[in-house]
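A closer look at the structure
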Amino acid sequence: MFDKSDEQLIAKALDGNKKAWLNLIKRYEKPIYNYGIRMTGNNDDALDLMQEVFVSVFRNLSNYRGDGAFKGWLFKIAHYRCIEFYRRKRPTQGLEDSPELESGEDGPEQATLTGQGNAQLVGAMQQLPFAQKAVVELKFFGQFTFEEIADQLGISTNTAKSRLYSALDKLKTLMEVEYA
């Protein structure tokens, strides 16, 4: 009837309640998948990243102190797993390089993400440097504040703002070229 808070689900999951753990996953699986698809541009990579994130959360749930929101802690893990993913998956490609967006993805999750406007945005985001892409993802899709973004990425608030505004300028240019 009433949804349990993240903290209640975490407490029950730590006590061994599998249903609470599954409810916690269900609550965040779509946002984490969407984060992965926007960061990697590939359905399979996004699913792999999502799996790695939830395995990490499962292993480290007892380390969650509750200092901030669980969502922030979860996305911080997702960010670090994404960095590791890029290092492992593309060893000859630096973090500032961007992968090409794969076309032809036709999974059900991809269909909801890639409406006509979203497809161009995701494609343009793939051309951003990783650091800028992460800030755009967290600000607009994760709806985090600049302070939360700075905490998650281990940067200052002003750096988060400057990365966002630089990314927006690049996205604007990329989108103008796309529609020109």
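Scroll up a little and you will see the structure.
Just so it is clear, the model here is predicted, and its values are computed rather than measured. All chains use their own residue numbering, which begins from 1 and follows the written sequence. In keeping with the predicted nature of the model, local features appear solely for residues at pLDDT of at least 70, side-chain atom pairs appear and are counted solely at 80 or more, and the whole-chain, interface and lining totals rest on all residues. Here the side-chain values reflect all heavy atoms present in the structure, with hydrogen atoms and water set aside.

Another aspect to go through is the packing of helix α4 (residues 70–89) against helix α8 (residues 146–153). Axes here refer to lines fitted to C-alpha atoms; in helices the fit is confined to the stretch in contact. Angles between the N-to-C directions go from 0 to 180 degrees. Numbered from the N terminus, helices here are DSSP runs of H or I no shorter than four residues, and strands are runs of E no shorter than two. Running from amino to carboxyl end, α4 crosses α8 at an angle of 45°, the nearest separation of the two axes being 9 Å. Compared by their axis directions, α4 and α8 come out oblique. Every pair of crossing elements has a handedness; the one defined by α4 and α8 is right-handed. Listed contacts from α8 to G72, F75, K76, H79 and Y80 of α4 are D151, Q152 and L153. Grouping the constituent residues of the contact of α4 with α8 by class yields three nonpolar, three polar and two charged. Put simply, angles under 35 degrees are roughly parallel, angles over 145 are roughly antiparallel, angles from 65 to 115 are roughly perpendicular, and the rest are oblique. In a left-handed crossing the near helix is turned counterclockwise from the far helix by less than a right angle, and in a right-handed crossing that turn is clockwise. Residue contacts are defined here by distance: any two heavy atoms, one from each residue, within 4.5 Å place the two residues in contact. Residues are sorted three ways: Asp, Glu, Lys and Arg are charged, Ala, Val, Leu, Ile, Met, Phe, Trp, Tyr, Cys and Pro are nonpolar, and all the rest, Gly among them, are polar.

Once that is clear, we can look at the side chain of S56. Residue position: S56 is located in helix α3 (residues 43–60). Excluding its chain neighbours within four sequence positions, the residues that come into contact with S56 are I77 and R81.

Moving on, we get to the packing of helix α2 (residues 18–40) against α3. If you want to describe how two helices pack, look at the angle between their axes and the distance between the axes. The geometry of α2 relative to α3 is characterised by a closest axis approach of 8 Å and an angle of 140° between their N-to-C directions. Looking at the two axes, α2 sits oblique to α3. The chirality of how α2 crosses α3 is right-handed. Contacts between α2 and α3 involve W21, I25, Y28, E29, I32, Y33, Y35, G36, I37 and T40 from the first element and N43, D45, A46, L47, L49, M50, V53, F54, V57 and F58 from the second.

Values of bend correspond, residue by residue, to the angle between axes fitted over the seven residues ending at that residue and the seven starting there. The largest bend in α2 amounts to roughly 45° and is located at Y28, with the proline P31 lying one to four residues further along. Taking the backbone nitrogen of K19 as reference, a side-chain oxygen 2.9 Å away marks N17 as the first, capping residue of α2. Looking at the residues trailing α2, positive phi occurs at G41, about 75°. Each polar contact in these results corresponds to two N or O atoms within 3.5 Å; when the atoms are within protein, one needs to be able to donate a hydrogen and the other to accept it, and residues that are neighboring in sequence are counted only if both atoms are side-chain atoms.

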